[in-house]
Amino acid sequence: MDDYPLLNVFWTMMWFFLWIMWLFLLFKVITDIFRDHGLSGWGKAGWLIFCILLPYLGVLVYVIARGKGMGHRDAEQARAAEARFQEYIRQTAGTQAAANGSPSATDELTRLADLKAKGAISEEEFQQAKTKILA
């Protein structure tokens, strides 16, 4: 360890960190190339070949030329994922009907349970209404 000074260790770690950072950027660029629906197949192939044959220059040119679009595509993908997630939550929770103005299945079951607890409906009526709501 005496023949490898501390400053060289720092330089080696810095270059290793920059290399890993470039790899992450390379994967980000490649995924962005395939995610862009406005780019033709030949355009995608051209950018991909450019990034593979001249990796450092290809990634740098791609980020300079199309970096703004990368941000917009990321934001659009995040919005679409959030919308799909919210739709899934609405379907799972049964509040889709509540958004349309009619009571949801959960609200109907709660109302039926209250009516049964008050004695307004019998157990048989409760079961029949419950199966009708859940069907």
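As the structure is a computational prediction, the values presented were derived from the model and not from experiment.

Cut-offs applied
Residues numbered from 1 in each chain as written. Predicted model: local features only at pLDDT ≥ 70, side-chain atom pairs only at ≥ 80, totals over all residues. Heavy atoms only, no water. Axes fitted to C-alpha atoms, helices over the stretch in contact; angles between N-to-C directions. Helix = DSSP H or I, 4+ residues; strand = E, 2+ residues; numbered from the N terminus. Parallel < 35°, antiparallel > 145°, perpendicular 65-115°, else oblique. Contact = heavy atoms within 4.5 Å. Nonpolar A, V, L, I, M, F, W, Y, C, P; charged D, E, K, R; others polar. pLDDT = per-residue confidence, 0-100. Expected span 1.5 Å × (residues − 1). Buried < 20%, exposed > 50% of the residue type's maximum accessible area, 1.4 Å probe, protein only. Core = buried A, V, L, I, M, F, W, Y, C linked by side-chain atoms within 4.5 Å.

## Section: the packing of helix α2 (residues 41-53) against helix α3 (residues 55-93)
- For the pair α2 and α3, interaxial distance at closest approach is 5 Å and the crossing angle is 135°. In terms of their interaxial angle, α2 and α3 are classed as oblique. Taken together, the residues of α3 that come into contact with α2 (itself represented by W47, F50, C51, I52 and L53) are P55, L57, G58, V59, V61, Y62, A65 and R66.
- Classifying every residue of the contact of α2 with α3 gives 11 nonpolar, 1 polar and 1 charged.

## Some words on the confidence of the model for the chain
- Averaged over every residue, the pLDDT of the chain is 87; residues scoring 70 or more account for 91%.
- Within the chain, the element-level pLDDT minimum falls on helix α4 (residues 96-99), averaging 52, and the maximum on α2, averaging 94.

## So, helix α1 (residues 6-35)
- Here α1 is 30 residues long and its end C-alpha atoms lie 43 Å apart, about the 44 Å a rise of 1.5 Å per residue gives.
- Check the buried side of α1 and you find it contacts α2 and α3.

## Thoughts on the side chain of R66
- When you line up the elements, R66 lands in helix α3.
- By relative accessible area, which is 19% here, R66 ends up buried.
- If sequence neighbours within four positions are ignored, R66 has contacts with D36, L39, W47 and R73.

## As for the nonpolar core
- Formed by W22, L26, V29, I33, L39, W47, C51, V59, Y62 and M70, the largest nonpolar core amounts to 10 residues.
- The leading source of residues in this core is α1, at 4 residues.
- Look past the residues within four positions of L26 in its chain and what remains in contact with it is C51 and V59.

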